[in-house]
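Chain and residue survey
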Amino acid sequence: MDHAQKPRVRFAPSPTGYLHVGGARTALFNWLFARHEGGTMLLRIEDTDTERNRPELVEGILAGLRWLGIEWDEGPYFQSQRLPLYQAAADRLLASDAAFSCYCKPASYTGEGPAMKAAGEEAGKQEGEGDDEGPKTKRNIPCPCRHLSPAERAAREREGIPRAIRFRVPEGGVTRFEDAVFGPREVQNAEIEDFVLLRSNGLPTYQLSVVADDIDMRITHVIRGADHLSNTPKQVLLYAALGAEPPIFAHVPLILGPDRTRLSKRHGATSVSSYAEEGLLPEAFRNFLALLGWSPGGDSEYLRTRELIEKFSLAGVSRTNAVFDRPKLEWFNTQYLQKPSVEELLPYVEAELKRVGMWEGSQASAEPAWFARAVDLIRPRTRFLSDFTTWARAFFTDDFDYEQAAREKFWKEDRLPELLAKLAEALAALPDWNHDACDAALRALAGAEGVKAGLLINATRVAIVGRAVAPPLFETMVILGKDRVVARLKRALPSITSR
């Protein structure tokens, strides 16, 4: 393999679950590396585990990648459609005596090597790629089938005993590889079992299919979770037996929950789709994910995607496990709600309004310039896209309720119905509708009636947006417009009276 060529990387999820945080981060690192190096990213669906696969989840994985903004250059390829490739690879290994037919029952191999067990425990496990056989590497307990004579094999074939194909691990020596993150690694061959390549049903194991595919697809760099470190010695042996140079391996650190255990549902949402449904922005999630186990150097955290691409390198990947910090994720989301141009945010807010049925026929859909001004006013106080259709829904529809706590706090003055009715008349008579005119009208009324302006400001805010907390009142009034503000003040009067 010519590592001087433009890199070719792959993300290879298995449709046994949704796209989770660990897998999304692996996909992102592959994508950033490919884009930084001007290389190619492939998408491969590892769907040969017929017992665990759920084909309907494939579209969910693809949708998660698309939402995250990760665009693959080739694929998706499906391993279930490539079975002849794996059979051919197994046949080559049999022909070269690098593999042998095994007639044992699968449960006959139960040992576990101490060195590989330690490697597996060091790496841990996380949601990531493929039909991972994980850190369950076993001692090379001699298999009685390894040294069968041709006559003995023929006898078993005549009896119709199901056979698997196992790799013939060298009986001595060491398997070494260099990892771009963890450095040089080595394992005694005596601690690697003669692992299965093809099951008795003809389906390949993860070890065979991933190596055959990576050779066929000319993969130059394998960037994946550290839980795959224990698989790598087996795969290095397979590359050598198939006459191919291994790719450059880069195993990225695991993602842990705040309690330093493997990230799981008990730590909150782990599926990418659930974060999309919560109202997180894709670029905010990308920025957050990129910094889980990678550092660009320096103190910068808010990094637009173009900056992530410019700065990304495997040298910046840490060996230390990353911790998923939910408050930090929300901080990133607020940054991406507030800092980019409002034009970048508008498509996401539009999609949110459409999702809850508030877009069609609204002022937002009819007047693009007004929509931009409204979003720009609201966004400094938002944490999620859903805020635009929850606490801020009164900006986009007249169908909103009055917050009970706000009513109890700011509508308790007995004179309020009379005062707000007079305010509605004063506002309706304004020749110019702007911040200063609205401010002056309200304060003039407060002075004439001998009440504090704050009483009218707070009561009016609840009347026109239904909440105690919202953007500044007079800016809100300008955005809503005279007709809507006056109508909402009048609409609130019966509710104030009947409180």
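Now for a description of the structure that goes with this document. (Residues numbered from 1 in each chain as written. Predicted model: local features only at pLDDT ≥ 70, side-chain atom pairs only at ≥ 80, totals over all residues. Heavy atoms only, no water.)

Glancing now at the pairing of strand 6 (residues 174–179). Because side chains alternate across strand 6, one face comprises the buried residues Thr-175, Phe-177 and Asp-179, and the other comprises Val-174, Arg-176 and Glu-178, none of which is buried. Relative to strand 7 (residues 183–188), strand 6 is paired through 6 bridges, and the arrangement is antiparallel. Among the inter-strand pairings, Glu-178 is bridged to a residue of strand 7, identified as Pro-184. Turn length for the strand 6-strand 7 hairpin, with the two strands adjacent in sequence and antiparallel, is 3 residues. (Buried < 20%, exposed > 50% of the residue type's maximum accessible area, 1.4 Å probe, protein only. Helix = DSSP H or I, 4+ residues; strand = E, 2+ residues; numbered from the N terminus. Pairing = 2+ DSSP bridges.)

To continue, consider helix 11 (residues 326–338). The end-to-end C-alpha separation of helix 11 is 19 Å, in line with the 18 Å expected for 13 residues at 1.5 Å each. Within the span of helix 11, buried status applies to Leu-329, Glu-330, Phe-332, Asn-333, Thr-334, Gln-335, Tyr-336 and Leu-337. Residues of helix 11 that are buried make contact with helix 8 (272–278), helix 9 (282–290) and helix 12 (342–355). (Expected span 1.5 Å × (residues − 1). Contact = heavy atoms within 4.5 Å.)

The next thing to look at is the packing of helix 9 against helix 11. Relative placement of two packed helices is described by the angle separating their axes and the distance separating the axes. Where helix 9 contacts helix 11, the two axes come as close as 8 Å, and the packing angle between them is 135°. With respect to helix 11, the axis of helix 9 lies oblique. Crossing hand, helix 9 versus helix 11: right-handed. Contacts between helix 9 and helix 11 involve Glu-283, Ala-284, Phe-285, Asn-287 and Phe-288 from the former and Lys-328, Leu-329, Phe-332, Asn-333 and Tyr-336 from the latter. Classifying every residue of the contact of helix 9 with helix 11 by side-chain character gives 6 nonpolar, 2 polar and 2 charged. (Axes fitted to C-alpha atoms, helices over the stretch in contact; angles between N-to-C directions. Parallel < 35°, antiparallel > 145°, perpendicular 65-115°, else oblique. Left-handed = near helix turned anticlockwise from the far one by under 90°. Nonpolar A, V, L, I, M, F, W, Y, C, P; charged D, E, K, R; others polar.)

Residues other than glycine predominantly adopt negative phi, and peptide bonds predominantly adopt the trans conformation. A cis amide bond, omega 5°, links Gly-75 with the succeeding residue Pro-76. Residue position: Pro-76 is located in strand 3 (residues 74–78). Not every positive phi belongs to a glycine, and Asp-97 is a case in point at roughly 70°. With respect to the helices and strands, Asp-97 occurs in the loop between helix 3 (83–95) and strand 4 (99–102).

Phe-371, Phe-396 and Leu-427 are the most contacted members of the largest nonpolar core, which has 148 residues in total. Broken down by element, this core gets its largest block of residues, 9 residues, from helix 1 (residues 21–37). In contact with Phe-396, not counting residues within four places along its chain, are Leu-353, Met-358, Ser-362, Ala-364, Trp-370, Phe-371, Ala-374, Val-375, Ile-378 and Phe-388. Counting residues in each nonpolar core, the second largest holds 6 residues, with Phe-100, Cys-102, Cys-143 and Cys-145 among its members. (Core = buried A, V, L, I, M, F, W, Y, C linked by side-chain atoms within 4.5 Å.)

We now examine the sheet that holds strand 3. Sheet architecture is open: 3 strands sit in the order 1-2-3, paired in parallel fashion. Whereas interior strands pair on both sides, the edge strands pair on one side only; in this sheet they are strand 1 (8–11) and strand 3. With direction set aside, neighbouring strand axes in the sheet form an average angle of 25°. Pairing of strand 2 (residues 40–45) with strand 3 involves 3 bridges; the strand directions are parallel. By the bridge assignment, Ile-45 is partnered in strand 3 with Phe-78.

Next up on the list: the sheet that holds strand 4. Strand order across the open sheet formed by 3 strands is 4-5-8, with antiparallel pairing between neighbours. Each of the sheet's edge strands pairs with one partner strand only, and the pair in question is strand 4 and strand 8 (196–198). Strand-to-strand twist of the sheet, defined as the mean angle between neighbouring strand axes without regard to direction, takes the value 40°. Sheet analysis places strand 4 next to strand 5 (residues 164–167), joined by 4 bridges and oriented antiparallel.

Two aromatic rings are characterised by how far apart their centres lie and by the angle between their planes. Scanning all chains against the criterion turns up 17 aromatic pairs. The interplanar angle of 65° and the centroid separation of 6.2 Å between the aromatic rings of Phe-288 and Phe-332 together place this pair among those described as edge-to-face. One end of the pair, Phe-288, is in helix 9; the other, Phe-332, is in helix 11, and 44 residues separate them in sequence. Each member of the aromatic cluster is reached from another via a ring pair, and the members are Trp-67, Tyr-275, Phe-285, Phe-288, Phe-324, Trp-331 and Phe-332. The ring of Trp-331 is capped by Lys-328, whose NZ or CZ atom sits 4.5 Å from the centre of that ring. Positioned above the aromatic ring of Tyr-302 is the side chain of Lys-339, whose terminal nitrogen or guanidinium carbon lies 4.5 Å from the ring centre. (Phe/Tyr/Trp six-rings, centres within 6.5 Å; stacked < 30°, edge-to-face > 60°. Lys NZ or Arg CZ within 6 Å of the ring centre and 35° of its normal.)

For the structure on display, the rule yields 35 salt bridges. Its salt-bridge partner being Arg-146, residue Asp-194 comes within 2.8 Å of it at the nearest N-O pair. Here the residue Asp-194 occupies a position in the loop between strand 7 and strand 8, and Arg-146 occupies one in the loop between helix 4 (114–123) and helix 5 (150–158), the gap between them amounting to 48 residues. You can call Asp-194 buried: its relative accessible area is 0%. Arg-484 is the partner of Asp-398 in a salt bridge, and the nearest nitrogen-oxygen pair spans 3.6 Å. You can see Asp-398 sitting in the loop between helix 14 (368–378) and helix 15 (404–410) and its partner Arg-484 sitting in helix 20 (residues 482–497), a full 86 residues away along the chain. Assessed through its relative accessible area of 41%, Asp-398 is described here as partly exposed. Each member of the salt-bridge network shares a partner with another, and the members are Arg-10, Arg-44, Glu-46, Arg-82, Asp-213, Asp-214 and Asp-216. (Salt bridge = Lys/Arg side-chain N within 4 Å of Asp/Glu carboxyl O.)

Across its 14 residues, helix 12 extends 20 Å between first and last C-alpha, which sits within 8% of the 20 Å expected from 1.5 Å per residue. Those residues of helix 12 that are buried are in contact with helix 11, helix 13 (363–366) and helix 14. Where helix 12 terminates, the next one or two residues include Gly-357, which has phi positive at roughly 75°.

Inspection of the secondary structure puts Thr-476 in helix 19 (residues 473–480). Among the residues examined, Thr-476 registers a relative accessible area of 2% and is labelled buried. Of note is the side chain of Thr-476, whose polar atom sits 3.3 Å from the backbone oxygen of Pro-471. (Polar contact = N/O pair within 3.5 Å; in protein donor to acceptor, adjacent residues only side chain to side chain.)

Take the environment of Ala-394 next. Within the secondary structure, Ala-394 sits in the loop between helix 14 and helix 15. Sequence separation between Ala-394 and Arg-467 is 73 residues, and the spatial gap between their C-alpha atoms is 9.3 Å.

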